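Examining the three-dimensional arrangement
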Amino acid sequence: MATTSIIKPIKCKAAVSRAGGEPLQIEEVVVAPPQAYEVRIKIICTSLCHTDVTFWCMKEGPMAAHPIIFGHEAVGTIESIGENVDEFKVGDLVVPTFMAQCNECIDCASERSNMCSKLAFQIGHAMPRYGTTRFADAKGEPVNHFLCISSFSEYTVVDVAHVTKVDPAISPEKACLLSCGVTTGVGAAWKVAGVETGSTVAIFGLGSVGLAVAEGCRLRGASRIIGIDLNPDKFELGKNFGVTEFVNPSELGERSVSEVIIEMTKGGANYCFECIGLASVMNDAFKSSRKGLGKTIILGVEMHGAPLCLESYDILNGKSVMGSLFGGIKAKNDIPTLVNKYLNKELELDKFITHEVGFNEINKAFDLLHEGKSLRCIIWMDK
């Protein structure tokens, strides 16, 4: 097996963000060889997630680390392997994930957590074990990483704890979806909430993650899946993923969403999912859950940094709130299971893909997402 001493740097194209909110620039970059516990991946396709857009918009502050290569939802093949890598071989089809699974720490050994403590989740701009970058621009200046992946590049280097091998029987664009968004939503229903057959569910926000939650609840056998969104077009779309009823908050007059959900469900939903990222909506979701057993699962990051304030009496009445990062998924264990569910025609993936573009058109993917026209836009490296 090749070692880092004989693996050479690669020159390739990457979509580099030079300034917050400005179009990405297709540039030539140099991708260094993988170091110990790292692999270099040839990206087949990638897609755009709202998280990429959130950080792309940042013009200042510690998180605005331009120049940077965004992208964290992707699929590719192993091109080369660093030292101490036994899990992969050149040519393996893999998906990178922003959450690590080292399989060595106490948290990776626990069935109750997906928060690796050896390589803890961070929005860092370098390789997790070394704190250095594997990218340089044409002038030799360093270019920052994003979420340990940086898939808006023809080649990227990723730590082995952030890489999962998948069955090559799945088509690349479908595997790509399992790298982040769909897995996050399906996992929230499956691994975090543990939705039961016959349950009543309310999902606040029917973007791609909210629809993935609906798909997860459908797979788990929920009898009623109520979608809450301001866009009336989302109901027809949601039906593809199991949504059975729809509530538009703008059409309720003086009634609150929670009042309507409680009336519809005769006491509140068994499971409520917040997929937007607003404390006020988190509160609505919590109030919509059933006394004695209602669970509210928070998937959205509060976009304004506002605190979540809840009535302690409701907690005493048996309601609970749970956070969900990457849907509670342990990538190396659970993504192959999701691949099998897709190959067995149990899991819907195809309808999440609304657009496809070539790498040189990557900025079009940003436009489509901003305009609310796409769920997932697949960005092909070779088209």
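Residues numbered from 1 in each chain as written. Predicted model: local features only at pLDDT ≥ 70, side-chain atom pairs only at ≥ 80, totals over all residues. Heavy atoms only, no water.

The protein chain appears in an unreviewed UniProt entry as Alcohol dehydrogenase from Rhynchospora pubera. Database annotation for the protein chain, UniProt heading Subunit (unreviewed entry): "Homodimer." The annotation that UniProt attaches to the protein chain under Subcellular location (unreviewed entry) is "Cytoplasm". (UniProt positions renumbered as here; feature names shortened; annotations may be inferred.)

For the rest of this paragraph, the subject is the overall build of the protein chain. If you tally the helices and strands in the protein chain, you get 11 helices and 17 strands. Here the protein chain has a C-alpha radius of gyration of 21 Å; the compact-globule value for 383 residues is 21 Å, and the two agree. The proportion of buried residues among the 383 residues of the protein chain is 55%. Put simply, the protein chain shows about 16,200 Å² of open surface, and 51% of that area lies on carbon and sulfur atoms. (Helix = DSSP H or I, 4+ residues; strand = E, 2+ residues; numbered from the N terminus. Rg over C-alpha atoms; globule rule 2.2 N^0.38 Å. Buried < 20%, exposed > 50% of the residue type's maximum accessible area, 1.4 Å probe, protein only. Areas by Shrake-Rupley, 256 points an atom, 1.4 Å probe, with all protein chains shown as cover.)

With that out of the way, let us pick up the nonpolar core. Grouped together as the largest cluster of nonpolar side chains are 98 residues, with contacts concentrated most on Phe152 and Phe273. Counting residues per element, this core draws most heavily on helix 4 (residues 181-193), which supplies 6 residues. Residues in contact with Phe273, not counting those within four places in the same chain, are Ala188, Ala189, Ala193, Val195, Val201, Ala202, Ile203, Phe204, Val213, Cys217, Ile297 and Leu299. Among the nonpolar cores identified, the runner-up in size contains 13 residues, and Ala202, Phe204, Ile226 and Val247 belong to it. (Core = buried A, V, L, I, M, F, W, Y, C linked by side-chain atoms within 4.5 Å. Contact = heavy atoms within 4.5 Å.)

Moving on, we get to the packing of aromatic side chains. This structure, assessed with the given rule, holds 8 aromatic pairs. Grouping aromatic residues by their ring pairs yields a cluster made of Phe55, Phe70 and Phe146. Taking NZ or CZ as reference, Lys191 lies 5.1 Å from the ring centre of Trp190, over its face. Directly above the ring of Phe286 sits Lys319, whose terminal nitrogen or CZ lies 5.2 Å from the centroid. (Phe/Tyr/Trp six-rings, centres within 6.5 Å; stacked < 30°, edge-to-face > 60°. Lys NZ or Arg CZ within 6 Å of the ring centre and 35° of its normal.)

Quick look at the UniProt feature "domain: Alcohol dehydrogenase-like C-terminal" (unreviewed entry) in the protein chain now. Per the UniProt record, "domain: Alcohol dehydrogenase-like C-terminal" (unreviewed entry) is found at residues 209-340. Across residues 209-340, the secondary structure splits into 39% helix and 15% strand, with the terminal C-alpha atoms separated by 20 Å.

On the basis of which strands lie adjacent, the open sheet formed by 6 strands has the order 12-11-10-13-14-15 and parallel pairing. For this open sheet the edge positions go to strand 12 (245-247) and strand 15 (320-323), each flanked by a neighbour on one side alone. Averaged over all neighbouring strand pairs, the angle between strand axes comes to 20 degrees, with direction disregarded. The sheet contacts of helix 7 (residues 257-265) involve strand 10 (200-204), strand 11 (224-228) and strand 12, and relative to strand 11 the element is tilted by about 165 degrees. (Pairing = 2+ DSSP bridges. Axes fitted to C-alpha atoms, helices over the stretch in contact; angles between N-to-C directions.)

This part is about helix 4. With 13 residues, helix 4 should cover 18 Å at 1.5 Å per step; its first-to-last C-alpha distance of 17 Å lies within 8% of that length. Helix geometry: helix 4 is bent most strongly at Gly187, by close to 45 degrees. Listing the buried residues of helix 4 in full gives Gly181, Val182, Thr183, Thr184, Gly185, Val186, Gly187, Ala188, Ala189, Val192 and Ala193. (Expected span 1.5 Å × (residues − 1). Bend = angle between axes of the 7 residues up to and from the residue.)

The sheet built from 4 strands is open, its strands ordered 1-2-6-7 with antiparallel pairing. Both edges of this open sheet fall to strand 1 (10-16) and strand 7 (142-143), since each of them pairs with a single strand only.

Viewed as axis vectors pointing N to C, helix 4 and helix 10 (residues 331-343) meet at an angle of 100 degrees, and their least axial separation amounts to 12 Å. In this view, helix 4 runs roughly perpendicular relative to helix 10, as classed from their interaxial angle. Residues Thr183, Val186, Trp190 and Lys191 of helix 4 lie in contact with helix 10, whose contacting residues are Asp334, Ile335, Thr337 and Leu338. Residue composition of the contact of helix 4 with helix 10, grouped by class: 4 nonpolar, 2 polar and 2 charged. (Parallel < 35°, antiparallel > 145°, perpendicular 65-115°, else oblique. Nonpolar A, V, L, I, M, F, W, Y, C, P; charged D, E, K, R; others polar.)

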